[in-house]
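# Report on the structure
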Amino acid sequence: MEAVQGSMLLIYALVAVIALIVLIAKFKMNPFIVLIVVSLILGLSVGMPMGTIVKSFETGVGNTLGHIALVVGLGTMLGKMMAESGGAERIATTMINAFGEKNVHWAMMTVAFIVGLPVFFEVGFVLLIPIAFNVAKRTGTSMVLVGIPMVAGLSVVHGLIPPHPAALLAVTAYNADIGRTILYALIVGIPTAIIAGPIFGKLMSKVVIPNPDNPLIGQFVDQGGAKRELPGFGITLFTILLPVALMLIGSWADLFFTPKTFANDFLRLIGNSVIALLIATLVSFYTFGKMRGFNRDAILKFTNECLGPIASITLVVGAGAGFGRILMDGGVSKAIVGIATDAHLSPLLLGWFVAALIRVATGSATVAMTTACGIVAPIVMSVGGTRPELMVLATGAGSLILSHVNDGGFWLVKEYFNMTVPQTFKTWTVCETLISVLALLFTLALSTVI
């Protein structure tokens, strides 16, 4: 009876995931609403007591948003300050000069890797697209050659490297060490970004040629108007990398001071992702704000303006976590545990596979990663023997696979690069899938060494 019960639970979960895909992709329904409705119906179907279904969903949303809403809000403000002050432009100009015009695709990947650290993919994309347009125009190259390395760099950081919100959440879920996770993520992420970014981008720019008559370029490319003075490269880099540095210091607190002492606790406090981003955002009000001649009213306007667009991302992430919680409380996670244990699937492969399924279903890498962690973490705890840091990477890799029409990123890339839907599949979707598979392979290779 137990087996039937388990397999029925999985069938219900599979139907729920397919329903999500169809409703979001085909019927163009709001993902936030769809996630709530499907979660509630799934709760009823798997026989959860009616009184606990909504509570369970709310718990999932609350647990995730308690952390993520703060991180997203602060990260977006930091990104907005960087854009308005010209910091993003400064980084682009310095990189083009350093790499040379022939290697702009390498420059764009590097810029995206740095800028993507404190911000969400969508935010990083919007921040960097003016740079990409400027670079493409100045060097006379195609948006595919400049843009694919940029989105590959952003995507790798988004899926693998803390202090990115989803990766941070996975660090907490798996009880991983943040410093070690960052180190391993760089070892896996850099070669992944190189292959899926500049190498793949150069290859595809010969095959896919977007319509050059792009109405958006005029918005972002300086048409020979007044030149503004940009902030210095050093101060810009310092401000963007400050949260990363603080988090690293926090995770290495025990190396500097004895645990449980005031100094150790203080380092851990400023190394907390929320506090680190808060400090960096406050610093940016001075370095990107006051030093650039913006008054308080202007800074207030920037910080208020940038929060509107992230509201829907934040709600969808919360609803995805609520769906994950229903899967957990409804016993689906337990059924998956059973199958995984019987199949002797390695925890790393399991983390990747579960995240990949949810990614294809919901279109959001962040939702995929947060939901998969909720499902897979208890399994890893019970099985043991796998480095939690590598679990973060494997789950992150799975969360990036096969971006298609239910992913906001897909449409962002299509519209801004002025491509058709088939062209977007050939470039962006293949790029994301490459990242996912390569990052998994590199993680598995790393697991044999450490």
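None of these values were measured; they are calculated from a predicted model. (Residues numbered from 1 in each chain as written. Predicted model: local features only at pLDDT ≥ 70, side-chain atom pairs only at ≥ 80, totals over all residues. Heavy atoms only, no water.)

### Some points on the overall build of the protein chain
What counts is decided by this rule: Secondary structure elements are taken from DSSP: a helix is a run of H or I of four residues or more, a strand is a run of E of two residues or more, and numbering for both begins at the N terminus. When a residue's accessible area, from a 1.4 Å probe over protein chains only, is under 20% of the maximum for its type it is buried; when over 50% it is exposed; and in between it is partly exposed. In what follows, a contact means two residues having at least one pair of non-hydrogen atoms within 4.5 Å. Areas reported here follow the Shrake-Rupley algorithm with a probe of radius 1.4 Å; residue values treat only the protein chains shown as occluding.
Per the secondary structure count, the protein chain includes 22 helices and zero strands. Evaluated residue by residue, the protein chain yields a buried proportion of 55% over its 450 residues. Taking the contacts inside the protein chain whose residues are at least 6 apart along the sequence as the reference set, 81% of them involve residues at least 24 apart. For the protein chain, the accessible area works out to roughly 18,700 Å², and carbon and sulfur atoms hold 69% of it.

### Considering the packing of helix H9 (residues 178-207) against helix H20 (residues 388-398)
Under the convention used in this document: Note on method: axes are straight lines fitted to C-alpha atoms, helices fitted across the in-contact stretch only, with angles between N-to-C directions ranging 0 to 180 degrees. An angle counts as roughly parallel when it lies under 35 degrees, as roughly antiparallel when it exceeds 145, as roughly perpendicular when it falls between 65 and 115, and as oblique in every other case. Working rule for handedness: look at the near helix, and if it is turned counterclockwise from the far one by less than a right angle, call the crossing left-handed; if clockwise, right-handed. Any residue outside Ala, Val, Leu, Ile, Met, Phe, Trp, Tyr, Cys, Pro, Asp, Glu, Lys and Arg is labelled polar, Gly included; the first ten of those are nonpolar and the last four are charged.
Close contact between H9 and H20 brings their axes to 9 Å; oriented N to C, the two are set at 45°. Between H9 and H20, the crossing angle belongs to the class labelled oblique. Considering only the axes of H9 and H20, their crossing is right-handed. Taking contact as the criterion, the partners of Arg180, Thr181, Tyr184, Ala185 and Val188 in H9 are, on H20, Glu389, Leu390, Val392 and Leu393. Residues that form the contact of H9 with H20 fall into these classes: six nonpolar, one polar and two charged.

### Focus on the packing of aromatic side chains
The following threshold applies: Paired rings are identified among Phe, Tyr and Trp, the last through its six-membered ring, by centres lying within 6.5 Å, and are further divided according to the angle between planes into stacked (under 30 degrees), edge-to-face (over 60) and tilted (the rest).
Counting across every chain of the model gives two aromatic pairs. Residues Phe262 and Phe266 carry aromatic rings whose centres are separated by 6.2 Å and whose planes lie at 15° to one another, so their mutual orientation is stacked. Of the two residues, Phe262 and Phe266 are both situated in helix H13 (residues 262-271); the distance of four residues between them amounts to about one turn of the helix. Of the residues examined, Phe266 reaches a relative accessible area of 41% and is grouped as partly exposed. Between Phe294 and Phe302, the aromatic rings sit 5.0 Å apart at their centres with planes inclined by 85°, giving edge-to-face as the arrangement.

### Here we look at the nonpolar core
Rules: Within this scheme, the nonpolar core is defined by two criteria: the residues are buried Ala, Val, Leu, Ile, Met, Phe, Trp, Tyr or Cys, and they are joined through side-chain atoms within 4.5 Å.
Ranked by size, the top nonpolar core spans 140 residues in total, and within it Phe125, Met150, Val151, Leu160, Tyr174, Phe323 and Phe417 carry the most contacts. Discounting residues that sit within four places of it in the chain, Leu160 has contacts with Ala167, Ala185, Val188, Gly189, Leu393, Gly396, Ala397 and Ala439.

### What to know about the packing of helix H4 (residues 87-99) against helix H11 (residues 233-251)
Angle between the axes and distance between the axes: these two values describe a pair of packed helices. Following both chains from N to C, one finds H4 and H11 inclined at 115°, their axes separated by 9 Å at the closest point. Between H4 and H11 lies a crossing whose hand is left-handed. Residue-level inspection shows Gly87, Arg90, Ile91 and Thr94 of H4 in contact with H11, the latter providing Phe233, Thr236 and Ile240. Counted by class, the contact of H4 with H11 contains three nonpolar, three polar and one charged residues.

### Focus on H20
The buried fraction of H20 is high, at 10 of 11 residues. Of the residues making up H20, those classed as buried are Glu389, Leu390, Met391, Val392, Leu393, Ala394, Thr395, Gly396, Ala397 and Gly398.

### What about helix H19 (residues 365-383)?
Put simply, the rule is: One fewer than the residue count of a helix, multiplied by 1.5 Å, yields its expected span. Here the bend at a residue is taken as the angle between two axes, fitted respectively to the seven residues that end there and the seven that start there.
Over its 19 residues, H19 runs 26 Å from end to end, which matches the ideal 27 Å to within 8%, given 1.5 Å per residue. Residue Val376 marks the point of greatest curvature in H19, where the axis turns by about 35°; the proline Pro378 follows within four residues. Across the 19 residues that make up H19, a large majority, 14, are buried. Just beyond H19, the residue with positive phi is Gly384, at close to 70°.

### Topic: the confidence of the model for the protein chain
Parts of the model with low pLDDT should not have their predicted coordinates read in detail. Defined as follows: A residue's pLDDT is the confidence the predictor assigns to it, expressed on a 0 to 100 scale.
Averaged over the protein chain, the pLDDT score is 82; the fraction of residues at 70 or greater is 90%. The secondary structure element of the protein chain with the lowest average pLDDT is helix H10 (residues 217-220), at 56, and the one with the highest is H13, at 92.

### Some thoughts on a nonpolar patch on the surface
What counts here: Note on patches: the residues involved have over 30% relative accessible area and no salt bridge, like charges join within 9 Å, and the nonpolar side chains Val, Leu, Ile, Met, Phe, Trp and Tyr join within 5 Å. When a carboxyl oxygen of Asp or Glu lies within 4 Å of a side-chain nitrogen of Lys or Arg, that pair is called a salt bridge.
A surface patch of nonpolar side chains, about 460 Å² in accessible area, is lined by Leu14, Ile18, Val22, Phe27 and Met29. Here Leu14 lies in helix H1 (residues 2-26).

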